[in-house]
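# A closer look at the structure
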There are 2 protein chains.
Amino acid sequence: MNTTDYIREKGLKATPVRLKALELLQSGARAWSHTELEAGFSKVDRITLYRVLKDFEEAGMVHKIIDMDGVTRFAVCKHSCPHSTHSEDHVHFNCRKCHKMFCMDNVHIAPIQLPAGFTQIGVNTLIHGICDACN
Amino acid sequence: MNTTDYIREKGLKATPVRLKALELLQSGARAWSHTELEAGFSKVDRITLYRVLKDFEEAGMVHKIIDMDGVTRFAVCKHSCPHSTHSEDHVHFNCRKCHKMFCMDNVHIAPIQLPAGFTQIGVNTLIHGICDACN
DNA sequence: ATATTAAACGCAACACAATTGCATTTAGTT
DNA sequence: AACTAAATGCAATTGTGTTGCGTTTAATAT
Ligand SMILES: [Mn+2]
Ligand SMILES: [Mn+2]
Ligand SMILES: [Zn+2]
Ligand SMILES: [Zn+2]
């Protein structure tokens, strides 16, 4: 399915900012910060971009992750992600050199045993190290 | 060892703000945000508090964690934590109800197998759910 | 006890991320 | 082509964290 139809299918209008933002998010196979995305446009209103990212997130098109530096990042949801059942439990990798963040969908994490009284809803595993490109 | 001596042992002057901040951090067995700590004082300069927290962190007295909402939090280091070998790899638990964060030093996490090319330096595991008090 | 001084403090200013309100424009529809 | 709800662009505001600088103070030396 093309970008325009995908946005429309999610109940959103296919506007220029949304099309470009989605194309950027779908490229590079990584999680993008607002600043990185903004730099990918020749010209964009940063408030509009904030709202587009929020719209995408609410539509279940992207998920938000806070990286090791506290920077908010967005990555496309690879499997179909209805907002309710949206699982963000996959591992994220943050490179100490280039500071890029990657979603590691194929990395398996073992279930965690919590102390009595604590109930788990979800888990965010954030690994930091050196990525393949920087190695 | 008392609070004053502990601060001095780390090479810092035992000032009123530092004493109070450390007492707050040592109480409650959880990770405190700047805002929460500030509220624990009857009167404190917020810039001074930022600097005290930075000093504590650099001295290896506390470690910094970003919680599920992107809020920066500080928790006392339970075992002796020289800054160089300081391990922050223990699990953190963030409550969806009260938004408090806890360090789970006794929770074991299995080692993670990364794809070829990626080298791991450390890992931050952040579980979200409902804490014992809220359950 | 008093003097000394490097460290810590308090305040103003600044930088940056993110949100809200509102008037204008536009995508999708009739 | 006309309509309208949604999206945009801009200004203003909030929140978090940092930096510079003059003043005060904790720890030390006399
Ligand atoms: Mn991801
Ligand atoms: Mn901790
Ligand atoms: Zn890298
Ligand atoms: Zn709770």
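Residues numbered from 1 in each chain as written. Chains lettered and ligands numbered in written order. Predicted model: local features only at pLDDT ≥ 70, side-chain atom pairs only at ≥ 80, totals over all residues. Heavy atoms only, no water.

## Re the relation of the copies chain B and chain A
Put simply, the rule is: Only residues with pLDDT of at least 70 in both copies contribute their C-alpha atoms to the least-squares superposition of the copies. By the convention used here, residues are in contact when the closest approach between their heavy atoms is within 4.5 Å.
It takes a turn of 179 degrees to lay chain B on chain A, together with a shift of 0.0 Å along the axis; the resulting RMSD is 0.1 Å. Both chain copies can therefore be described as sitting about a two-fold axis. Distance from the rotation axis, computed per C-alpha, reaches its smallest value in chain B at B:Thr125: 2.3 Å. Most of the interface of chain B is mirrored in chain A: 100% of its interface residues are interface residues there too.

## A short note on the coordination of the zinc ion (ligand 3)
Residue and element names in this part refer to chain A. Condition: Here the coordinating atoms are restricted to nitrogen, oxygen and sulfur within 2.8 Å of the metal centre, or 3.2 Å for Na, K and Ca, and because water is not among them the sites may look incomplete. Sites are called tetrahedral only when four donors show all angles between 85 and 135 degrees, square planar or octahedral only when four or six donors show opposite pairs over 155 degrees and all other angles between 65 and 115, and irregular in any remaining case. Think of it in three bands: residues with accessible area under 20% of the maximum for their type are buried, residues over 50% are exposed, and the middle band is partly exposed, with areas taken using a 1.4 Å probe on protein chains only.
Donor atoms from the polypeptide that bind the zinc ion (ligand 3) are Cys-95 (SG), Cys-98 (SG), Cys-131 (SG) and Cys-134 (SG), placed at 2.2 to 2.4 Å. Given 4 donor atoms and angles of 104 to 116 degrees at the metal, the environment of the zinc ion (ligand 3) is assigned as tetrahedral. Cys-95 gets classed as buried once you look at its relative accessible area, which sits at 0%.

## Brief notes about the packing of aromatic side chains
Put simply, the test is: To pair, rings of Phe, Tyr and Trp, with the six-membered ring standing in for Trp, must have centres within 6.5 Å; the planes then decide the type, stacked if under 30 degrees apart, edge-to-face if over 60, and tilted in the middle. Secondary structure is summarised from DSSP: a helix means a run of H or I of at least four residues, a strand means a run of E of at least two, and numbering begins at the N terminus for each. Any Lys NZ or Arg CZ found within 6 Å of a ring centre and within 35 degrees of that ring's normal is scored as a charge over the ring.
Applying the stated criterion across every chain, the model contains 4 aromatic pairs over all chains. Plain terms: the ring middles of A:Phe93 and B:Phe118 are 4.9 Å apart, the flat faces sit at 80 degrees to each other, and that makes the pair edge-to-face. In this pair, A:Phe93 sits in strand 4 (residues 91-95) while B:Phe118 sits in the loop between strand 5 (101-104) and strand 6 (119-130), so the two residues belong to two different chains. In this structure, A:Phe93 and B:Phe118 share a single accessibility class: buried. Here the guanidinium or amino end of A:Arg30 rests over the ring plane of A:Trp32, the centre of that ring lying 4.3 Å away.

## Looking at the packing of helix 2 (residues 16-26) of chain B against helix 4 (residues 46-58) of chain B
Residue and element names in this part refer to chain B. Quick reminder of the rule: Axis definition: a line fitted to C-alpha atoms, over the contacting stretch in the case of helices. Angles run 0 to 180 degrees between N-to-C directions. Throughout, the term roughly parallel applies to angles under 35 degrees, roughly antiparallel to angles over 145, roughly perpendicular to angles from 65 to 115, and oblique to all others. By the definition used in this description, the sense in which the near helix is turned from the far one sets the handedness, with an anticlockwise turn below a right angle giving left-handed and a clockwise turn giving right-handed. Side-chain classes are defined by residue name, with Ala, Val, Leu, Ile, Met, Phe, Trp, Tyr, Cys and Pro counting as nonpolar, Asp, Glu, Lys and Arg as charged, and the others, Gly among them, as polar.
Put simply, helix 2 and helix 4 touch, their axes get as near as 10 Å, and they point 65 degrees apart. It follows that helix 2 is roughly perpendicular to helix 4 by the angle criterion. Here helix 2 runs over helix 4; the crossing is right-handed. Contacts from Val-17, Arg-18, Ala-21, Leu-22 and Leu-25 of helix 2 reach helix 4 at Thr-48, Leu-49, Val-52, Leu-53, Asp-55 and Phe-56. Classifying every residue of the contact of helix 2 with helix 4 gives 8 nonpolar, 1 polar and 2 charged.

## Side note on the protein's contact with DNA strand D
Going by this rule: Any residue with at least one heavy atom within 4 Å of a molecule or strand is counted as near it. For this analysis, a polar contact is any N or O atom pair within 3.5 Å, provided that within protein one partner can donate a hydrogen and the other can accept it, and provided that sequence-adjacent residues contribute only side-chain to side-chain pairs.
Around DNA strand D, 18 residues are found, and the nearest of them are A:Thr15, A:Arg18, A:Arg51, B:Arg8 and B:Ala14. A share of 58% of the atoms of DNA strand D within 4 Å of the protein falls on sugar and phosphate groups. Contact between DNA strand D and A:Lys13: a sugar or linking oxygen at 3.3 Å from a side-chain N or O atom of the residue. A:Thr48 has a polar side-chain atom sitting 3.2 Å from a phosphate oxygen of DNA strand D. When contributions to the surface near DNA strand D are tallied by element, the ones reaching two or more residues are helix 2 (16-26) and helix 4 (46-58) of chain A together with helix 4 of chain B.

## Looking at the sheet that holds strand 4 (residues 91-95) of chain B
Pairing between the strands of a sheet comes from backbone hydrogen bonds, and it takes one of two forms, parallel or antiparallel. Selection rule: At least two bridges found by DSSP between two strands are what make those strands a pair.
With mixed pairing, the 6 strands of this open sheet are ordered in space as 5(A)-4(A)-6(A)-6(B)-4(B)-5(B). The open sheet has two edge strands, strand 5 (101-104) of chain A together with strand 5 of chain B, and neither has a second partner. The sheet shows a mean angle of 25 degrees between the axes of neighbouring strands, taken without regard to direction. The sheet contact formed by strand 6 (residues 119-130) of chain A and strand 6 of chain B spans 11 bridges and is antiparallel. Its bridge partner being in strand 6 of chain B, A:Gly129 is matched across the sheet by B:Gln120.

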